[in-house]
Amino acid sequence: MSNTPLNHIFHLFSRLGFGITYSEAKLLSQKSLNEIVSSLFVTSISAQPLTNIKLNDIPLAKDNMSGGLNKKDLQKLITAKSIELNISWIKKLLSTESVLLEKQTLFWHNHFACRIRNPYLMQELNNIHRKFAFGSFRDMLVEVSKSPAMILYLNNQQNKKEHPNENFAREVMELFTLGRGNYTEQDIKEAARAFTGWSCDKAQGKFEFKAKQHDNGTKQLFNRNGNFGGEDVINMLISNKQTAYFITKKIYKYYVNETVNEERVKQLADYYYQNQYNTGALIKKIVSSSWFYDAENCGCNIKSPIDYLIGLSKQFSVNYTNYKVFIQLQRALGMILFSPPNVAGWPGGKAFIDNSTLLLRMKLPSVILNNGELEVPERIDDPDDVGKDDISINKKNGYRS
Amino acid sequence: MDTEVNWTKMSDEHKNLTFDNLLDVFLLKHPSKKIIDSIKNDSTLSTKEMILKIVSLPEYNLS
C-alpha cells in the first residue's frame, strides 16, 4: 500500500521540479509525503554556483582602447559568452538532482530581473540567487543591492550626493519589496539619498562604497528621521509586513495558483514574517499543506517556456547534440534566460501564450522527439538579446528561423 | 533538430502502463472525454505515437 498518492507526487514534482517519470514516482509513492518533501530540500540544500564565465573573460572597454579588441569584436565576445552562460544554466537544469534549487533560483532570477551586457556579472548575480534561494530574503536583498550587475542595471553608480539617481530606490520598493502603492515619492527621493555612493569596481567585479559620493545628511522616510544608509533602508523595508505579503503572494502564485486565495496568503505572509523571511521554511509550509494538493491547485498554472522545455527534455531523456538549439527555442517561446524583457521580469502565466507560441508548443514534442525540422516564426524582441545572433547557427543545423 | 531520444528506454518505462497511467504521467489536467477517447480508441497508434499525441495537447502546457 502506498503512503503517498501518485497524483500528489506528479503535482509536487511539476511545481517543485520539472516533472518526474512514472517509475520514479512509483518508487517514491512508498514514502510519506514528509519524507519526499524533505528529500527535495536535502538534495537542494547546498548551492551549486555557475562557474563557466571568468572575471577576465570580458576585457574592460578602457583596456580595449589600449590595444585590445575593437568595439565590434568585443560585442561578439560578449554575445558568445552570454550564450555560453545561458547554455551552462540549461545544462545544469537538465542534469541536476537539485531540482528545487533550480526552480527557486528561476523564481529569484525573475523577481530580481536584470540584464546587462556583462555575462560574468550576470552569472555572479545568479549565484547570489542560488546562495540565498532558501535562506533569508533580507540577506539576499542586501547582496543583490550590492551586486555590480544590479547597480549597473539600475544606474546606482550614477547615484551621487550632488545628483541623486532614484532608479534603484524606486525599483527596490516597487518590484523587490513593497509593491506599487505602498510608498510615497518622498520615500523614494529620501531612499535614493541613502543609497548614494553604492557603486562597484568593474575591474574586480565587486561592490564598492564611495564615501565621498554618499549623502550624510538627515533623511526622512517612512515617517522616520535619521542619517540613514542603504542597509538602514533595506531594514526598514524588511520590517514592513507589506514586504512579507508581497513576496509571499508572488511565491504563492509561482508554486500554488495564479489565482490567489487572499486569506491563505495573509496567513503565509505572517508565517514568513515571523520566521525572519526564511524562504525555505515558507516553501516547506506551502507544500506540506493539504490544500496544496487540492484539485483546484493542480494543472491550473501555465508552464513557463523554461519549465516546458526542461520538463519535456527530462521526461524523454532528450540528448541535445547542439545546445545552441535551446537559445532559439527560448527566443521563440518568449523567455531567454539572463535576458528578461525589463526590470519587472517576465509577466508569466497567460502572457507566455499567444497564437504563435501555443502552436509552437503543440508542434515541438513531435519535432524534438523525432529529430525533425521546425519553422520558427521570428519574434520581435529587444535587439541585444542573446538569441538574435544565433539564427545562422540554427540554419546551419537544419533548424530554420 | 540535433536531438536524440532513447526510445528503447522510453518504451521500457511505459510498456506496462495503461492509457490512464500515461495520461496521469504527462497531464496534470485531463482534456475532454471526447479527445481522450479519440486517442484511446485509435487502434492504429503505437505507444510512442500515443505519447506524442498526449504531449502535443494544450493540456501538456499546464503545471
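Everything quoted here is computed from the prediction, not taken from an experiment.

Visitor: Please set out the overall build of chain B residue by residue, giving values where relevant.
Guide: In terms of regular secondary structure, chain B is built from four helices and one strand. For chain B, the sequential pattern of α-helices and β-strands runs β-α-α-α-α. Dimensions along the principal axes, computed over C-alpha positions, put chain B at roughly 35 × 25 × 20 Å. Split into buried and exposed, the 63 residues of chain B put 51% on the buried side. Long-range contacts, defined as pairs at least 24 residues apart, comprise 56% of the intrachain contacts of chain B with a sequence gap of at least 6. Looking at chain B as shown, the accessible area adds up to about 3300 Å², and 48% of this sits on carbon and sulfur atoms.

Visitor: Hey, could you go over the overall build of chain A for me, with residue numbers and the actual values?
Guide: A tally of helices and strands in chain A yields 19 helices and five strands. In summary, chain A has a C-alpha radius of gyration of 22 Å against a globular reference of 21 Å for 401 residues, a match within 12%. Along the three orthogonal principal directions, the C-alpha set of chain A runs to about 65 × 55 × 35 Å. A burial count over chain A gives 55% of its 401 residues as buried. Across chain A, contacts joining residues at least 24 apart in sequence account for 71% of those joining residues at least 6 apart. Working note: accessible area of chain A is about 17100 Å², and carbon and sulfur atoms make up 49% of it.

Visitor: Which residues make up the side chain of Ser44(A), and what values go with them?
Guide: Residues and elements named next belong to chain A. Topologically, serine 44 is positioned in the loop between α3 (33-42) and α4 (61-65). Here serine 44 falls in the buried class, since its relative accessible area comes to 1%. From its side chain, serine 44 meets the backbone nitrogen of leucine 100 in a polar contact 3.4 Å long. From its side chain, serine 44 meets the backbone nitrogen of leucine 101 in a polar contact 3.0 Å long.

Visitor: Let's hear about the pattern of salt bridges: which residues, and what values?
Guide: Residues and elements named next belong to chain A. If you walk through the whole model with that rule in mind, you get 15 salt bridges over all chains. Across the pair arginine 180 and glutamate 174 runs a salt bridge, and its minimum N-O distance is 2.7 Å. What makes arginine 180 exposed here is its relative accessible area of 66%. Across the pair arginine 193 and aspartate 215 runs a salt bridge, and its minimum N-O distance is 2.7 Å. With arginine 193 in helix α11 (residues 185-194) and aspartate 215 in the loop between β2 (206-209) and β3 (219-221), this pair connects stretches of sequence that are 22 residues apart. Each member of the pair, arginine 193 as well as aspartate 215, is classed as buried.

Visitor: Quick one: what's the story with the packing of helix α16 (residues 305-315) of chain A against helix α18 (residues 355-369) of chain A, residue by residue and with numbers?
Guide: All names here are of chain A. Put simply, α16 and α18 touch, their axes get as near as 11 Å, and they point 25 degrees apart. With respect to their mutual orientation, α16 and α18 come out roughly parallel. Regarding α16 and α18, the two cross each other, and that crossing is right-handed. Every residue of α18 that contacts α16 at Pro305, Tyr308, Leu309 and Leu312 is listed here: Arg361, Leu364, Pro365 and Ile368. Looking at the contact of α16 with α18 residue by residue, the class counts come to seven nonpolar, no polar and one charged.

Visitor: Give me the nonpolar core: which residues, what numbers.
Guide: Among the nonpolar cores identified, the biggest contains 133 residues, and Leu12(A), Phe137(A), Met150(A), Phe316(A) and Phe26(B) are the most heavily contacted of them. Discounting residues that sit within four places of it in the chain, Met150(A) has contacts with Phe112(A), Ala113(A), Cys114(A), Leu125(A), Val144(A), Phe168(A) and Phe176(A).

Visitor: An account of the confidence of the model for chain A is needed here, citing residue identities and associated values.
Guide: Looking at chain A, pLDDT values average 91 and 90% of them are 70 or higher. In the model, residues 389-401 of chain A has pLDDT below 50 throughout and makes 31 contacts with residues more than four positions away in sequence or in other chains.

Visitor: Which residues make up the side chain of Asn110(A), and what values go with them?
Guide: On the secondary structure map, Asn110(A) appears in helix α6 (residues 99-111). Once residues lying within four places of it in the same chain are set aside, the contact partners of Asn110(A) are Ala344(A), Gly345(A) and Trp346(A).

Visitor: I'd like a description of the environment of Gln104(A), backed by residues and values.
Guide: All names here are of chain A. Checked against the element boundaries, glutamine 104 lands in helix α6. For glutamine 104, a relative accessible area of 0% translates into the label buried. Setting aside residues no more than four positions away along its own chain, glutamine 104 makes contact with Ala133, Phe134, Ile251, Tyr255, Thr279 and Ile283.

Visitor: How would you summarise the packing of aromatic side chains if you had to cite specific residues and measurements?
Guide: Residue and element names in this part refer to chain A. A complete count under the given rule lists 22 aromatic pairs over all chains for this structure. With centroids separated by 5.3 Å and ring planes inclined at 75 degrees, the aromatic side chains of tryptophan 198 and phenylalanine 207 adopt a geometry described as edge-to-face. Seen from their ring centres, tyrosine 252 and tryptophan 291 are 6.0 Å apart, and the 40 degrees between their planes marks the pair as tilted. Taken together, the positions of tyrosine 252 in helix α13 (residues 241-255) and tryptophan 291 in the loop between α15 (279-287) and α16 put the pair 39 residues apart, joining distant regions of the chain. Assigned by exposure class, tyrosine 252 and tryptophan 291 land together as buried. Positioned above the aromatic ring of tyrosine 323 is the side chain of lysine 91, whose terminal nitrogen or guanidinium carbon lies 4.8 Å from the ring centre. The ring of phenylalanine 41 carries the charged tip of lysine 284 above its face, separated from the ring centre by 4.8 Å.

So, how was this worked out
- Residues numbered from 1 in each chain as written.
- Chains lettered and ligands numbered in written order.
- Predicted model: local features only at pLDDT ≥ 70, side-chain atom pairs only at ≥ 80, totals over all residues.
- Heavy atoms only, no water.
- Helix = DSSP H or I, 4+ residues; strand = E, 2+ residues; numbered from the N terminus.
- Buried < 20%, exposed > 50% of the residue type's maximum accessible area, 1.4 Å probe, protein only.
- Contact = heavy atoms within 4.5 Å.
- Areas by Shrake-Rupley, 256 points an atom, 1.4 Å probe, with all protein chains shown as cover.
- Rg over C-alpha atoms; globule rule 2.2 N^0.38 Å.
- Polar contact = N/O pair within 3.5 Å; in protein donor to acceptor, adjacent residues only side chain to side chain.
- Salt bridge = Lys/Arg side-chain N within 4 Å of Asp/Glu carboxyl O.
- Axes fitted to C-alpha atoms, helices over the stretch in contact; angles between N-to-C directions.
- Parallel < 35°, antiparallel > 145°, perpendicular 65-115°, else oblique.
- Left-handed = near helix turned anticlockwise from the far one by under 90°.
- Nonpolar A, V, L, I, M, F, W, Y, C, P; charged D, E, K, R; others polar.
- Core = buried A, V, L, I, M, F, W, Y, C linked by side-chain atoms within 4.5 Å.
- pLDDT = per-residue confidence, 0-100.
- Phe/Tyr/Trp six-rings, centres within 6.5 Å; stacked < 30°, edge-to-face > 60°.
- Lys NZ or Arg CZ within 6 Å of the ring centre and 35° of its normal.

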